[in-house]
Each structure stands twice: as structure tokens, then as C-alpha cells.
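Each chain, written out:
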Amino acid sequence: MATTTGVNSDLAKERNNSTFDVEELSNFIYRGPEKVKRRRYLHNLATKDPFFRKFKPWAFQTREEQYEICLQKHLYINKKCKELNLTEPVDKFFYTEAAAPHENSPIGLHTVMFIPTIEKQGTEEQKKRWLPLAESLKMIGTYAQTEMGHGTFIRGLETTATYDPRTREFILNSPTITSMKYWPGNLGKTTNHCLVMAQLYTQGKNCGIHMFMVQIRDLETHMPLAGIEVGDIGPKFGYGTNDNGFLRLSNVRIPRENMLMRYSKVLEDGTYVKPPNAKIAYGSMVLVRAAIVTDAARALAQACVISIRYSAVRRQTEVSPGGEEAQIIDYQTQQYRLFPLLATSYAMYFAGRFMYDFYLKTTAEIEGGNLDSMPQLHAISAGLKAFSSWMCSAGVETCRLCCGGHGYSHASGLPKIYIDVVPGCTYEGENNVMMLQVARFLMKMYGKLQNGEALPTFMQYMSTDLNKKSCMTEEVALNCLVMAYEHRAARMIRDAAASMEKLVQSGKSPVEAWNGSTVMLTWAAIAHCHAFVTKLFVETVVKSRMDSKVQSALTSLCKLYAVHGIVENLGGFIQDQFFDSKQVKILQKKLMQLLAEIRPNAVAFVDAFDYPDEVLQSCLGRYDGQVYQALYDYAKSSPMNEKEVLDSYYKYIKPAQNGKYQQYSKL
Ligand SMILES: CCCCCCCCCCCCCCCCCCCCCCCCCC(=O)SCCNC(=O)CCNC(=O)[C@H](O)C(C)(C)COP(=O)(O)OP(=O)(O)OC[C@H]1O[C@@H](n2cnc3c(N)ncnc32)[C@H](O)[C@@H]1OP(=O)(O)O
Ligand SMILES: Cc1cc2nc3c(=O)[nH]c(=O)nc-3n(C[C@H](O)[C@H](O)[C@H](O)COP(=O)(O)OP(=O)(O)OC[C@H]3O[C@@H](n4cnc5c(N)ncnc54)[C@H](O)[C@@H]3O)c2cc1C
């Protein structure tokens, strides 16, 4: 029988049985005890602040309330960050994730894209002019790139910015219905400015897409300015807190100084000055792609906390007649669905950590004028963004399904996490399109390999001998696992290149050959990302300094990640007999062993993520495991239960019971 106070006894037992100290693992995940302390301090500041607790729960809010409440929270977060002098992005991230968990900010684009774009693409003069206004929220902006007709193919955007040398102004227009800006976050009702991506025309020539600062609303009345039609695009799959918007521009004039001119320029007479690399204008997308990796990892980690704690508490079905019902975490099928996701959440956290460091290092180089690493940064950020958002979104949904019926309720907290993470597969570059960008990079690397040119370190695996067979033995060594992933990726890259070559030889143009090979190219890109993430996980557990018990447990988890990935994608690993059937059996057996090995540590692994209940907002994922009382309280708090008998009973049910349906005939 489940108790209703204190920590649920099953969960308490789980915590006693783990083989390592949870605090040591938290220290490792968050890069040291000081950082864990800091993170807890920031979480506490938010969770203990009565301001955030005064609102009704998100799932009980109407769309308009979701927007309004979330806006209040984020303006308060903004104020508190200033008061508390939280200037580091990591500090703001932790404070915000606890203050408004998975509630997408109505001023989020202002912080995540508008300000960074000014910082990175603006001249010193523009930064001086706009940044103080943006910091004080006098100017609230967004990143308005996507149009109704084009999100992916940004060179095909239709919005025009035509330079008029007589007045030294740009004239902005949305010439067609499809050219209307559509989707930008916060655009509909919140922002008074936006950075508009538009085709630049000067001296009668099209110079490609560039960014322009456009004021769209009056700073006092907030009414749209002349030539501006703007509004909210309506309800979506999620993101109810966010006023994604539409925008139509009709002969809107802005001064020449409103084009972001750090790299490209239009001189007073209309002369166009090219940037050192045209793709430098895509920098803000790269920043957000890099951030999405950690964001996706966090979503899956939280879903794992909820579903694994719940699986330890939930009992269902007598295993032997008349015996005790088993904890559902003891069913091998439950373990098979959840533990690889637990491993994936760690893999993605480490990938997110890597991505963040790599982004900072490479952008510092770019700022210093060295653009050599831009293609690598683009390929890695596009690949990890797509791979992580795919894996984590699908993983969150599996976690939800693993919670049975209660997973379908908002009480579980899981639907909210899902609808927050899944647009990451679409925004900032649709995932298939991002994988094709990775593939384009891989084909270039393959060309270099063929020409005997040097490859960057992370691509050197491509020169592996594809006739070699796996070194896998009963021990299932980590290095053999990494080699398997690299072998598969190298072969798929070669196969995709061969497919294109064959099509060209048959008389197709390079473009047709590319289009005829995009499925194989995508397979290659995914295999490459899988190998990259696996290797990173392995290197993290093998090379980092950490407590030995933590290292041993994390090594099992890492092995599970790698073995599970092979077993689930077996075709790609045995296509060229890299593994023989004996080795396949070894891997399958190892997978089952690893599930059993991880079982005693499952709860400890999720506890180590150290998410307070206030952040999880889940009746099922509570630290104390008192899920049933929480579900009951949740149900009772539903606004549907405020009245014992609803008005609809008198209006509709009662008349229907009496055979009266007049109210319908009125329509
Ligand atoms: C443990 C950890 C602790 C934790 C700690 C925590 C720390 C935390 C830290 C703090 C973090 C904060 C967290 C906050 C969370 C936030 C997350 C969520 C935010 C939500 C906001 C949501 C906002 C959503 C906003 C939006 O959605 S905004 C709109 C986004 N829209 C798109 O993304 C369009 C996609 N489309 C394209 O990007 C292009 O269209 C296209 C396909 C590339 C073709 O581009 P095209 O110009 O046609 O080029 P190609 O011809 O294909 O290629 C020509 C040549 O250019 C090359 N090249 C293309 N690109 C690039 C590029 N970049 N760079 C370099 N090169 C490039 C290509 O490689 C090729 O090279 P080559 O092969 O010739 O050498
Ligand atoms: C919640 C949310 C927030 C957003 N916020 C912003 C924002 O703040 N600012 C902004 O500017 N935009 C924003 N967007 C828009 C977003 O960036 C685009 O939706 C995204 O880039 C995808 O473009 P699309 O919608 O045109 O999809 P499409 O390109 O039309 O994709 C449809 C399908 O076509 C396929 N496809 C398209 N091109 C190719 C190709 N070349 N090769 C193979 N397949 C292809 C795709 O894979 C996909 O399956 C947001 C979107 C969402 C959902």
C-alpha cells in the first residue's frame, strides 16, 4: 500500500540501493560543486519567490491568459535579473527555467535573437544607438525572417528593401501575400521593432538578403505605424504563451543607417559593399541552433526524471498469482523504452556542453576576423540541432507513453514539455533541411579525402578502411563501439557519394544527382551525428576526472547508449558484414545485461539532474513519489470542479433528457 506522506517507500528503497553518490554525479554534470551550488541558488531564488506562485497553473489558463501571465513572469524575470546582476547567459538560463518552466517567453525572441543580432551584425554606432534602448525594453524586438511562402529557402524571401539615394532611405515592401512575414515569435502583439530580413535592391541590382531595423509600432500608443499591418497568427500546437505574428509592409521608409552594416554596407550614393562571407548574416541562426541542443537535452532529462520516478512508484500486475504487484520499472519492456532515453539525455547534455563551448570559441575567432571555422561551426550546429531535437522530442513522447493513462494528463507535466521541445525540429531550420546541410559538408570532406587533402580532426574517421571488420568481443569495449559508428557513417558517406557519382555518369546534372540521392545523404548525415555524439559521450566518461563509482555507473550508461543505437539500427551496421551474426548476438545479450545493470541506479541517475519539483511541475515526477495524492489534489483543483452542477447541465443535458432540442433549431 502506498503511504500518503513522507517519501514513498519504493522510491526511498531505490535511493538506498544506488551504487554511487548522487551529489557527485550532479557535480560532474554541471561542471563542479560550485556550479551546482550556484544553479541551486538560482533555482531557489525563482521557486521560493511568491510572485511566480500567484498564478493559476498553466494548463488551466486560456490562450489569452497564457500570454498575459507569461508576459508578466518574463518581465519580472527581466527586472530580477537586473536587480540580482545576473548577466551571464548560464545564470539567466537557470533562473528562467525555474521561474517559468517550458513557458515560451513573449519577450524571448528579443533576448535570444534581437539583441544578439544587433550585437553581432550591428556597427559600433548602431550598437550604441539601439542596445541601451533594447536593454531597457523601450525597444522590444524580434527576428522577422520567415515568410508565409518561405521559411527554409531564405534566399527566396520576397520582402524587398529598395535603396532611394535621394532621401537616403530604404523602402520596405511585402509585394505578395506569400511575402508577408509569418511566424516570428513575439511579433503579433508584443514588439515595437523588428529585424526584417529582406532582399536588398540598390542601383537597380539585387544584392541578396540583408537585415533591416524596422519600427512597427508607436513607442507611446503601441499602435501599428503607417504602412504596417501586424497581428497574431492564432492558436498553434503549443507555444500559447507566444504571440507568433504576421507582418505586411507597404512602402515603409527607414533611414539608411537602419541596415545592419557591420559586414555588408550600402554607401550614401547606393554603392553596395560585400561582406567577407555572405553567410555571416546567418550567424543568429547558428547561435540559436547551438542553444537548442542544451534546450532539447533538458526537456528529455526532465521527462526521464518524471517517467523513471513514476515507474519506480507505480505498481501494476501480479507477477506470480496472488503475489505483490511489480514496480513497473521492473518490467524489461519498460526498461528497454526508458533506460536508453536516460542514456540519451546524458549524451545530449554532454553534446550541449560541447556545442556551447565550441560556439563560444569559434565565434570569438570569427569576431577576430578569422572565418576559417565557419563551415565547421555551421555543419556541427546544424547537425546537433537536428539530431538532438529529433531524439529528444521522440524521447519525451515515449516517456509520456511509458506513464500510461496518467501520462496523457497535464498533471504529468509531460505534454507541456513535449509541446515546448517539438518545434525545435522545425524552427531554426527544419531538421531534414539541416541534415542536408550537414550532408553537403560531408560531401565536401569526401572530396577532400579523395584528393588526399587534410581533414579536420572530427572528420578523420572517414579515411577508415571500409573492408575491416569489427573488433567486438564479449567484453563489448567502448572503443569498438565508437569504431562501429564511425564505420557505418564512413560507409554511408561513401555510398551517398557513389550514388551521386552514378547518377552523374548516367547523364544527370549535379543538381539532379543531388536530389536523387537526398535520402541516402540524410542517412549519412544522421549516421555522422550519431557517431559524433557517441564518441563525445565515450570521451567524456573515459577522459574526464570524476568519482570512480560515478565513472563506473556512467560508463554502463554510455555503453547502453552505444549498444542500443546499434541494435535499433542494425541494418546499417551489418549491411557490409561489419558485424557477423555472433557479434550481433553478443550485442543483443549485452543490451539486456546493461538494462539490468542500470536498473538499481535508474532513480539516482535522474535525481542527479537535480530538478526541483517546482520546475518539473508534475504529479508523477515528485521527489517524494506521492503521486496518487497529488493526482487527486490536481483533479480537485480543476476549474471544471468549482461547481457541483455546471450551467451546461441545465442548458443542454436536462432539456435533452426531456426530449427538448429547441436550442439547436435556433441556429
Ligand atoms: C550540462 C549543461 C549545462 C547547461 C548549461 C546551460 C547553458 C545555456 C546557455 C544559454 C543558452 C540559452 C538557452 C536558451 C534556449 C533557447 C532555445 C530555444 C529558443 C527558441 C526560440 C525559437 C526561435 C525560432 C526562430 C526561427 O526559427 S528564426 C528563422 C530560422 N530559419 C532558418 O533556420 C532557415 C533555414 N534555412 C537556412 O538556414 C538556409 O536557407 C540554408 C538551408 C542553410 C540554405 O542557405 P543558402 O543560402 O541557400 O545556402 P546553400 O546554397 O545551401 O549553401 C551555400 C553555402 O553556405 C553555407 N552555409 C549555409 N548556412 C551557413 C551558416 N549558417 N554558416 C556558415 N555557412 C553556411 C553552406 O554550407 C554552403 O557552403 P558551401 O557548400 O558552398 O561551401
Ligand atoms: C514555434 C515556431 C517559432 C518560430 N519562430 C520564428 C521566428 O521567431 N522568426 C522567424 O523568422 N521564423 C520563425 N519560425 C519559422 C521557422 O523558422 C520555419 O517554420 C522553419 O525554418 C521551416 O520553414 P518552413 O515553415 O518554410 O518549412 P518548409 O520549408 O515549407 O518545410 C516543409 C517540408 O518541406 C521540406 N523541405 C523544404 N525545403 C526542402 C529542401 N530544400 N530539401 C528537402 N526538403 C525540403 C521540409 O523538410 C519539410 O518537411 C518559427 C516556427 C515555429 C514553428
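Since we're looking at a predicted model, the values are computed, not measured.

### What about the site of ligand 1?
In step 1: Around ligand 1, the structure places 32 residues, and the nearest of them are Thr-152, Lys-279, Tyr-282, Arg-440 and Lys-444.
In step 2: Contact distances for ligand 1 include 2.8 Å between an oxygen atom and a side-chain N or O atom of Arg-155.
In step 3: Contacts to ligand 1 include His-378, whose side-chain N or O atom sits 3.3 Å from a nitrogen atom.
In step 4: Residue assignment for the shell around ligand 1 shows that the elements contributing at least two residues are α6 (89–99), α9 (283–313), α10 (332–367), α11 (374–401) and α14 (431–450).
In step 5: Looking at which element gives the most residues to the shell around ligand 1, the answer is α9, with 6 residues.
In step 6: A class-by-class count of the residues in the shell around ligand 1 yields 16 nonpolar, 8 polar and 8 charged.

### With respect to the pairing of strand β12 (residues 315–318)
In step 1: Here 2 bridges tie β12 to strand β13 (residues 325–327), and the two strands are oriented antiparallel to one another. When the bridges of β13 are listed, Glu-318 appears paired with Glu-325.
In step 2: The antiparallel hairpin formed by β12 and β13 contains 6 residues in its connecting segment, where Gly-322 sits at a positive phi of about 80°.

### Comments concerning the packing of aromatic side chains
How two aromatic rings sit relative to each other is given by the distance of their centres and the angle of their planes.
In step 1: The full count for this structure, using the stated rule, is 29 aromatic pairs.
In step 2: On the numbers, 6.4 Å between centres and 70° between planes, the contact of Phe-52 with Tyr-95 is edge-to-face. Of this pair, Phe-52 sits in helix α4 (residues 50–53) while Tyr-95 sits in helix α6; the two residues are 43 residues apart in sequence, bridging distant segments of the chain. The same class applies to Phe-52 and to Tyr-95, which are both buried.

### With respect to the UniProt feature "binding site: FAD" (unreviewed entry) in the chain
In step 1: In this structure's numbering, the residues bearing the UniProt feature "binding site: FAD" (unreviewed entry) are Thr-146 and Gly-185. Across 40 residues in sequence, these annotated residues keep their C-alpha atoms within 10.4 Å of one another, forming a single compact spot.
In step 2: Following the sequence through the fold, Thr-146 ends up in the loop between β1 (141–144) and β2 (160–164).
In step 3: The class for Thr-146 is partly exposed, based on a relative accessible area of 24%.
In step 4: Position of Gly-185 among the secondary structure elements: in the loop between β4 (181–182) and β5 (193–202).
In step 5: On the accessibility criterion, Gly-185 (7% relative accessible area) is buried.
In step 6: Beyond its immediate stretch of four places on either side in the chain, Gly-185 contacts Leu-109, Thr-142, Asn-242, Asp-243 and Asn-244.

### Topic: the side chain of Ser-345
In step 1: Mapped onto the elements, Ser-345 comes out in helix α10.
In step 2: Residue classification places Ser-345 among the buried positions, given a relative accessible area of 0%.
In step 3: A polar contact is formed between the side chain of Ser-345 and the backbone oxygen of Leu-342, at a distance of 2.6 Å.
In step 4: Ignoring sequence-local partners within four residues, the contact set of Ser-345 consists of Ala-297, Leu-300, Ala-301, Cys-304 and Phe-609.

### With respect to unusual backbone geometry
In step 1: Non-glycine residue His-222 carries a positive phi angle of around 65°.
In step 2: Its relative accessible area of 29% is what places His-222 among the partly exposed residues.

### Here we look at the site of ligand 2
In step 1: The environment of ligand 2 is formed by 21 residues, the closest being Tyr-143, Thr-146, Gly-151, Thr-152 and Glu-430.
In step 2: One of the side-chain N or O atoms of Thr-152 is found 2.5 Å from an oxygen atom in ligand 2.
In step 3: The separation between an oxygen atom of ligand 2 and a polar side-chain atom of Glu-430 is 2.5 Å.
In step 4: In isolation ligand 2 has 960 Å² of accessible area, and contact with the protein removes 64% of it.
In step 5: Take the shell around ligand 2: its biggest share by element is 3 residues, from α14.
In step 6: Here the residues of the shell around ligand 2 sort into 9 nonpolar, 10 polar and 2 charged.

### Some details on the state of the cysteines
In step 1: With the rule as written, the count across this model stands at 1 disulfide.
In step 2: Disulfide partner of Cys-471: Cys-480, at an S-S distance of 2.2 Å. Judged by the torsion about the S-S bond (-135°), the Cys-471/Cys-480 disulfide is left-handed.
In step 3: According to the relative accessible area criterion, Cys-471 is partly exposed, its value standing at 32%.
In step 4: Free cysteine Cys-392: the closest other cysteine sulfur is in Cys-304, separated by 8.8 Å.
In step 5: You can call Cys-392 buried: its relative accessible area is 0%.

### Notes on the UniProt feature "domain: Acyl-CoA oxidase C-alpha1" (unreviewed entry) in the chain
In step 1: Those residues carrying the UniProt feature "domain: Acyl-CoA oxidase C-alpha1" (unreviewed entry) are residues 282–443 in this numbering.
In step 2: Taken end to end, residues 282–443 is 75% helix and 4% strand, and its first and last C-alpha atoms sit 21 Å apart.

### Some details on the environment of Pro-275
In step 1: Relative to the helices and strands, Pro-275 resides in the loop between β11 (272–273) and α9.
In step 2: Measuring from C-alpha to C-alpha, the distance between Pro-275 and Ile-419 comes to 38 Å, with 144 residues separating the pair along the chain.
In step 3: Each residue touching Pro-275, except ones within four places of it in the same chain, is listed here: Tyr-263, Ser-264 and Ile-280.

### Structural notes on the pairing of strand β3 (residues 169–173)
In step 1: Examined bridge by bridge, β2 and β3 share 5 bridges and lie antiparallel to one another. Directly across from Tyr-163, in β3, lies its bridge partner Phe-170.
In step 2: Both β3 and strand β9 (residues 252–255) contribute to a ladder of 4 bridges, which runs antiparallel. Opposite Leu-172, over in β9, you have Val-252 as the bridge partner.

### A word on the sheet that holds strand β7 (residues 228–232)
In step 1: Spatially, the 3 strands line up as an open sheet ordered β4-β8-β7, and their pairing is antiparallel. If you trace the sheet from one side to the other, it starts and ends with β4 and β7, each paired once.
In step 2: In the sheet, β4 pairs with strand β8 (residues 245–249) via 2 bridges, with the strands oriented antiparallel. Each residue of the ladder has a partner; that of Lys-181, found in β8, is Leu-247.

What counts, and at which threshold
Residues numbered from 1 in each chain as written. Chains lettered and ligands numbered in written order. Predicted model: local features only at pLDDT ≥ 70, side-chain atom pairs only at ≥ 80, totals over all residues. Heavy atoms only, no water. Near = heavy atom within 4 Å. Polar contact = N/O pair within 3.5 Å; in protein donor to acceptor, adjacent residues only side chain to side chain. Helix = DSSP H or I, 4+ residues; strand = E, 2+ residues; numbered from the N terminus. Nonpolar A, V, L, I, M, F, W, Y, C, P; charged D, E, K, R; others polar. Pairing = 2+ DSSP bridges. Phe/Tyr/Trp six-rings, centres within 6.5 Å; stacked < 30°, edge-to-face > 60°. Buried < 20%, exposed > 50% of the residue type's maximum accessible area, 1.4 Å probe, protein only. UniProt positions renumbered as here; feature names shortened; annotations may be inferred. Contact = heavy atoms within 4.5 Å. Areas by Shrake-Rupley, 256 points an atom, 1.4 Å probe, with all protein chains shown as cover. Disulfide = S-S within 2.5 Å.

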